[in-house]
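What the coordinates show
Each chain, letter by letter, is given below.
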Amino acid sequence: MIPAPLVVSAREAVIAPLAAAARMFPDLPPTPFDPASLNLSQRDAVLAAAIHQTVLDRWITLEFLLDQFLRQPSRNLEPPLRAVLLSGAAQLLFLSHSAPYAVVDESVELARRLVRPGAAGLVNAVLRRIAELLKARHEGEPWTPDVDALPFDGGWIELSGPCLPDPDTPAKHLSVATSHPPALVKSWLDAFGEETTRGLCLHSLTRPPTIVAVEAGFDLEAHRAAGRALQSHDREGFLLWQDGREALRSFLSEHPARRVQDPTAAAAIA
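Rules used throughout
Residues numbered from 1 in each chain as written. Predicted model: local features only at pLDDT ≥ 70, side-chain atom pairs only at ≥ 80, totals over all residues. Heavy atoms only, no water. Pairing = 2+ DSSP bridges. Helix = DSSP H or I, 4+ residues; strand = E, 2+ residues; numbered from the N terminus. Axes fitted to C-alpha atoms, helices over the stretch in contact; angles between N-to-C directions. Parallel < 35°, antiparallel > 145°, perpendicular 65-115°, else oblique. Left-handed = near helix turned anticlockwise from the far one by under 90°. Contact = heavy atoms within 4.5 Å. Nonpolar A, V, L, I, M, F, W, Y, C, P; charged D, E, K, R; others polar. Salt bridge = Lys/Arg side-chain N within 4 Å of Asp/Glu carboxyl O. Buried < 20%, exposed > 50% of the residue type's maximum accessible area, 1.4 Å probe, protein only. Polar contact = N/O pair within 3.5 Å; in protein donor to acceptor, adjacent residues only side chain to side chain.

Some thoughts on the pairing of strand S4 (residues 210-213)
Here S4 pairs with strand S6 (residues 238-241) via 4 bridges, running antiparallel. What sits directly across from Ile211, in S6, is Leu240. As paired elements, S4 and strand S7 (residues 259-260) share 2 bridges and run antiparallel to each other. Looking at S7, one finds that Ala213 is bridged to Arg259.

The structure is reproduced here in structure tokens:
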């Protein structure tokens, strides 16, 4: 069997699925993305999955910021161009390990090849402006709503200017800052008030942990001593996995009882 050719890069791999999502937005059904099917390297597969998930999670935020540097709303652009812009903006703002120059340069090339030559200049200009928005990342600090403060899981981003709606209009501000539909935010505000609604919006930005079920008699301390990134869980027989996917595959293969599982799914049905 002839092996499938390698996709050029993680950034190229996400353009087609994100363009498909752009054609449906805002009616987005669950959109699974399997980078393993693209025959990417392990490193690129992880990056592609992160880009794809970040765009879907922060779509409303990203489009609001992109629209500030476009002559027409991004929703009016052709889907592949929207995908390139959303992908680039997601990396520049939310994926801190992505070098800005690399993101902009490759996004420009993708626009030239996958959209049309004339799109390259637009992508270059807009993404450079997006890159300039990032003033500082505040890891581990609580977010306070403001016109220049963008929350993410585990902290907030300080923007270089007042780019977000005024917090005095909480429905619009929370919708844009946390990427929730305005109607949903308004219904939460009406039902629960501003403080609880803010908590609900922030909670949905939190990435769920990877929880693994282990065999009876599993020696947690011995695995920690061997360098395994594991943390105890309050449910017996379960642990929090804190390492990469490749290490997880190796860990699971060592015993047939090990599996990724939510503890609630293992509870007995009364």
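Back to the write-up after that little detour.
Quick look at unusual backbone geometry
Leave glycine aside and you will find that most residues have negative phi; peptide bonds, for their part, are mostly trans. Cis geometry is found at the peptide bond from Phe25 to Pro26, where omega equals 10 degrees. Summarising the element assignment, Pro26 is placed in the loop between helix H2 (15-24) and helix H3 (42-57). One non-glycine residue with positive phi stands out, namely Ser179, at about 60 degrees. Considering the arrangement of structural elements, one finds Ser179 in the loop between helix H8 (170-178) and helix H9 (182-192).

Notes on the packing of helix H6 (residues 100-115) against helix H7 (residues 119-133)
A packed helix pair is summarised by two numbers, namely the angle formed by the two axes and the spacing between the axes. In contact at an axis separation of 8 Å, H6 and H7 are set at 155 degrees when each is read in the N-to-C sense. Accordingly, the angle class assigned to the pair H6 and H7 is roughly antiparallel. Both H6 and H7 take part in a crossing whose hand is right-handed. Contact with H6, carried on its side by Val104, Asp105, Ser107, Val108, Ala111, Arg112 and Val115, involves Ala119, Ala120, Val123, Asn124, Leu127 and Arg128 of H7 and no other residues of that element. Grouping the constituent residues of the contact of H6 with H7 by class yields 8 nonpolar, 2 polar and 3 charged.

Digging into the sheet that holds strand S5 (residues 230-232)
Judged by pairing direction, the sheet is antiparallel, and its 4 strands sit side by side in the order S5-S6-S4-S7 without closing on themselves. Strands with a single pairing partner mark the edges of an open sheet, and in this sheet they are S5 and S7. Alignment of S5 against S6, held across 3 bridges, turns out to be antiparallel. If you follow Gln231 over to S6, its bridge partner there is Leu240.

Notes on the pattern of salt bridges
Enumeration over the complete set of coordinates arrives at 16 salt bridges. Note that Glu109 and Arg113 form a salt bridge whose closest N and O atoms lie 3.5 Å from each other. Of this pair, Glu109 and Arg113 are both found in helix H6, 4 residues apart, which corresponds to roughly one turn of the helix. A residue is classified by how much of its surface remains accessible, and Glu109, at 32% relative accessible area, is partly exposed.

Things to note about the packing of H8 against helix H10 (residues 194-203)
Two elements in contact, H8 and H10, have axes whose closest approach is 10 Å; the angle formed by their N-to-C orientations is 15 degrees. One finds that H8 runs roughly parallel with respect to H10. The element H8 and its partner H10 pack so that their crossing is right-handed. For the pair formed by H8 and H10, the contact residues are Pro170, Leu174 and Thr178 on the first element and Glu194, Thr197, Arg198, Cys201 and Leu202 on the second.

As for the side chain of Arg258
Inspection of the secondary structure assignment puts Arg258 in the loop between helix H12 (245-253) and S7. Judged by relative accessible area, which is 9%, Arg258 ranks as buried. Engagement of the side chain of Arg258 in a polar contact is seen with the side chain of Glu215, the distance being 2.9 Å. Among the polar contacts listed, one links the side chain of Arg258 to the side chain of Glu254, at a separation of 3.0 Å.

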